[in-house]
Amino acid sequence: MMLRRLAAALLTVALLLPPNLAHAGPALVFEPYNGTVFYAEDPDVPWFPASLTKLMTAYIAFSDLRAGRVTMDTKIQCSAHAQSQAPTKLGLPVGGELTLEVAIKIIIVKSANDVAVMLAEALGGGSEQAFVVRMNAAAQHLGMTNTRFANANGLPNENQVTTARDMGRLARAIILQFPEYADIFKLRHVKVGDKILRTHNGLLRDFEGADGMKTGFICDSGFNIVASATRDGRRLVAVVLGEVSVPARRDRVTDLLENGFKRYFWKSLFGTTLDGLAMQASLSDQPAHLRREICGG
């Protein structure tokens, strides 16, 4: 009898665990309104954020909009520095202009690196590095204590480091502080002149309830995502870092979200919070370098 009860208990625990645990990097699932953590694996391991960086770029833009320092119609220009950024990019000529509204949509939907720098220079008094100072100050204010930013777009830089927990804190801050901009993260495309720029976030096309937020990739980080979904008034956010391909990233994040919704009631009663989650020691204080595994050579 005791053995049968133990076997039943172990089976129950197994069903509560997310499937497909074999993966490259950290993962986190949480409820954004109260911060309850549903699942965490290596949440404090350092990682390169790649284009998840643009969530902070957008956060500062939203802050400046609320403070009245800019409006959605404010024009921003493309500098030589912005034009020099590596793809993905919009490809404006030096002196080309966008409104702030279109620029924010482009960095979220298409992850254009040149446009992220345009925003940074416009909101940083003409200097991307001055904007980076603001990014790091905002990170500290939000409790992102293991995050350092070095640029506004997430292109490779050894000094640009984050964690799954810190990306969760940033996503939560955007959701709670700036609900008026939630529709930007739901966009599947944005039109710029004659161009239709389509989202890199495939979940928005075919995952039930998907409503944002951002993907990211560089060779050293692997394939990252912060993904939000809402079903029956219940919202979850998943952070996945370091998957080996777009399909692997998609499988991992959908498994985590599906499992989270299935055990929503149980976890909402007994889960800890993002801040209450025990800090986990990392084997290294440096982020993983996945270039050889992801891109070869």
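For the structure, check the block above.
Presented here is an overview of the structure given in this document.

Scoring rules and cut-offs
- Residues numbered from 1 in each chain as written.
- Predicted model: local features only at pLDDT ≥ 70, side-chain atom pairs only at ≥ 80, totals over all residues.
- Heavy atoms only, no water.
- Helix = DSSP H or I, 4+ residues; strand = E, 2+ residues; numbered from the N terminus.
- Buried < 20%, exposed > 50% of the residue type's maximum accessible area, 1.4 Å probe, protein only.
- Contact = heavy atoms within 4.5 Å.
- Areas by Shrake-Rupley, 256 points an atom, 1.4 Å probe, with all protein chains shown as cover.
- Salt bridge = Lys/Arg side-chain N within 4 Å of Asp/Glu carboxyl O.
- Disulfide = S-S within 2.5 Å.
- Expected span 1.5 Å × (residues − 1).

Some remarks on the overall build of the protein
For the protein, the helix and strand inventory stands at 12 helices and nine strands. Here the protein holds 297 residues, and 53% of them are scored as buried. A separation threshold of at least 6 residues defines the contact pool for the protein, and within that pool the share at least 24 residues apart is 66%. When the accessible surface of the protein is split by element, carbon and sulfur atoms take 55% of a total near 13300 Å².

Some points on the pattern of salt bridges
All chains considered together, the criterion is met by 13 salt bridges. Notably, a salt bridge pairs Asp-44 with Arg-165, separated by 2.7 Å at the nearest N-O pair. Within this pair, whereas Asp-44 is found in the loop between strand S2 (37–41) and helix H2 (53–67), its partner Arg-165 is found in helix H7 (residues 164–177), the two being separated by 121 residues in sequence. Note on accessibility: Asp-44 and Arg-165 belong to one class, buried. Each member of the salt-bridge network shares a partner with another, and the members are Asp-64, Arg-69 and Arg-134.

Details of the state of the cysteines
Scanning the entire structure with this criterion turns up one disulfide. Paired by a disulfide, Cys-219 and Cys-295 hold their sulfur atoms 1.9 Å apart. Since a negative S-S torsion denotes a left-handed disulfide, the Cys-219-Cys-295 link at about -90° is left-handed. Residue Cys-219 is found in the loop between strand S7 (210–218) and strand S8 (222–231), and its partner Cys-295 is found in the segment after helix H12 (291–294); the two are separated by 76 residues along the sequence.

Here we look at H7
Since the α-helix turns once every 3.6 residues, residues separated by three or four places project in the same direction. Here H7 contains 14 residues, and its C-alpha end-to-end distance of 20 Å stays within 8% of the 20 Å for a straight helix at 1.5 Å per residue. For H7, the tally of buried residues reaches 11 of 14 residues, placing the bulk of the element in the interior. Where H7 is concerned, the buried positions are Ala-164, Arg-165, Asp-166, Met-167, Gly-168, Arg-169, Leu-170, Ala-171, Ala-173, Ile-174 and Ile-175. Turning to H7, the residues buried within the fold contact strand S1 (27–30), H2, helix H8 (182–186), S7, S8 and strand S9 (234–243).

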